[in-house]
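# Structural overview
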Amino acid sequence: MATTTFNDEVIRTNGELPAVGEPLPSFVLTGTDLADVTNESFAGRTIVFNIFPSVDTGVCAMSVRQFNKMASELPNTVVICASMDLPFALGRFCGAEGIENVISASAFRSDFGHKFGVTMIDGGLQGLFARCIVVADAAGNVIYTDITSAVGDEPNYEAAVLAVIS
């Protein structure tokens, strides 16, 4: 199990992040239009996952805004912002914020958290996702992963971008 912290409490996840060098786990998320968002949707493209607890928190919202700014400059790359938020909440947030360069997707009816090992199993945020980044190359292999040391920390944007452009 991976760990992070929340309010100085060690929080475990349900597993480990996908291993670097391994194929990206297959996934099905639900887009803000209620359509499936899957591996096949982005075949041949690099995928950056911005995984977080809820867009209704300041740090999560900031990560979506930051990746939205960066996404248009990443060649042959899609950024998927994934959480347990309902598609309607993600759509409202993105509409209000003018978020157009990332795909916001909900795992409310999928096993994404289980497959990616990101579901928190302890503490007050139990059942939500830990803050993580997973990057897969255009061939579908994991090239970078990171879980923040604390749920309230912003992800390492620069490291994610370096994984894409390296």
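Rules used throughout
- Residues numbered from 1 in each chain as written.
- Predicted model: local features only at pLDDT ≥ 70, side-chain atom pairs only at ≥ 80, totals over all residues.
- Heavy atoms only, no water.
- Phe/Tyr/Trp six-rings, centres within 6.5 Å; stacked < 30°, edge-to-face > 60°.
- Helix = DSSP H or I, 4+ residues; strand = E, 2+ residues; numbered from the N terminus.
- Buried < 20%, exposed > 50% of the residue type's maximum accessible area, 1.4 Å probe, protein only.
- Contact = heavy atoms within 4.5 Å.
- Expected span 1.5 Å × (residues − 1).

## Section: the packing of aromatic side chains
The final tally for this structure, using the stated rule, is 8 aromatic pairs. Between the aromatic rings of Phe-27 and Phe-116, the centroid separation amounts to 6.4 Å while the plane-to-plane angle is 75°, which identifies the pairing as edge-to-face. Highlighted residues: Phe-27 in the loop between strand 2 (9–12) and strand 3 (28–31) and Phe-116 in helix 3 (residues 112–116), separated in sequence by 89 residues. Side by side, Phe-27 and Phe-116 carry an identical accessibility label, which is buried. Taken together, the ring pairs in this structure connect Phe-27, Phe-49, Phe-112, Phe-116 and Phe-129 into an aromatic cluster.

## A look at the side chain of Thr-119
For Thr-119, the location among the structural elements is in the loop between helix 3 and strand 8 (132–136). If sequence neighbours within four positions are ignored, Thr-119 has contacts with Arg-12, Thr-13, Asn-14, Gly-113, His-114, Gly-127, Leu-128 and Phe-129.

## Focus on helix 1 (residues 58–71)
For helix 1, with 14 residues, the first-to-last C-alpha span of 20 Å sits near the 20 Å given by 1.5 Å per residue. Turning to helix 1, its buried residues are Cys-60, Ala-61, Ser-63, Val-64, Phe-67, Asn-68, Met-70 and Ala-71. In this structure, the buried residues of helix 1 make contact with strand 5 (46–51), strand 6 (77–83), helix 2 (87–97), strand 8 and helix 4 (157–165).

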